[in-house]
Amino acid sequence: MRVYVPLTLPGLAEAHKTGELAPGPLTAYAVTPGLREWYVSDDIEELEYAALNRAAAASLRMLAGDPDAPRRRVVVAVDVRDQDAVADPDRVLDAGALGEVRIASAVPMAKAAAVHVDADDAVVDVVAAVEALGAADHGDEDARFTVDGAEDHDLLWYGVQEIPNIVG
């Protein structure tokens, strides 16, 4: 199963240095039955793109919790065994948990298929989104619009061999 693990650039640098996404349990995003039902599509590429975007939103939240991290959303796409990515049955109906899965233990970076990172032109919108996140969570429509501005940027795709250049 392909899962999308949200990170920050310092988190990616650490994973590259240690050779694993750790420690477990990890929160990731995948094409789950709930995501399929919500997205109403049978196109696996569209569904995986939706899961990637859910992970990008989680990366934005990580940035909000780490004021020193460069303001770029980061998502690592990794392949794990289906049974290793478990959705919380108590959160199936929670819209905020669509596509969310837990992976109990660390995942070797050797399982990574790609890395997705914001382009330079997204940074201004990501900075604004991080600052507006709290207000958006409390129902402020203008703040929600600002957060959506970051989500309008597609993440760039990088091969795992390019990680040293990304974090360097």
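This one's a predicted model, so the numbers in the text were calculated from it and none came from an experiment.

Peer 1: Even after reading the chapter, I still don't get the nonpolar core, so can you show me in this structure?
Peer 2: Generally speaking, a soluble globular protein has its nonpolar side chains buried in company with each other. Counting 24 residues, the largest nonpolar core has Val 3, Leu 12, Leu 21, Val 76, Val 78 and Val 115 as the members making the most contacts within it. Setting aside its immediate chain neighbours within four residues, Leu 12 contacts Leu 7, Val 74, Val 76, Met 109, Val 115, Ile 163, Ile 166 and Val 167.

Peer 1: So what exactly am I meant to see when it comes to the pairing of strand S1 (residues 2–7) here?
Peer 2: Consecutive side chains of a regular strand alternate in pointing toward one face of the sheet and then the other. In terms of residue burial, S1 counts as a mostly covered element, since five of its six residues are buried. Sheet topology note: the S1/strand S4 (residues 74–79) ladder contains six bridges and is antiparallel. Across the sheet, Leu 7 pairs through a bridge with Val 74, a residue of S4.

Peer 1: Can you help me understand the pattern of salt bridges in this one?
Peer 2: If charged atoms from side chains of opposite charge come close, those side chains can pair. Counted under the stated rule, the structure contains nine salt bridges. A salt bridge links Asp 120 to Arg 72; the nearest nitrogen and oxygen atoms lie 1.8 Å apart. Residue Asp 120 is located in the loop between strand S7 (112–117) and helix H4 (123–137), and its partner Arg 72 is located in the loop between helix H3 (44–64) and S4; the two are separated by 48 residues in the primary sequence. A relative accessible area of 21% places Arg 72 in the partly exposed class.

Each value, and the rule that gives it
Residues numbered from 1 in each chain as written. Predicted model: local features only at pLDDT ≥ 70, side-chain atom pairs only at ≥ 80, totals over all residues. Heavy atoms only, no water. Core = buried A, V, L, I, M, F, W, Y, C linked by side-chain atoms within 4.5 Å. Buried < 20%, exposed > 50% of the residue type's maximum accessible area, 1.4 Å probe, protein only. Contact = heavy atoms within 4.5 Å. Helix = DSSP H or I, 4+ residues; strand = E, 2+ residues; numbered from the N terminus. Pairing = 2+ DSSP bridges. Salt bridge = Lys/Arg side-chain N within 4 Å of Asp/Glu carboxyl O.

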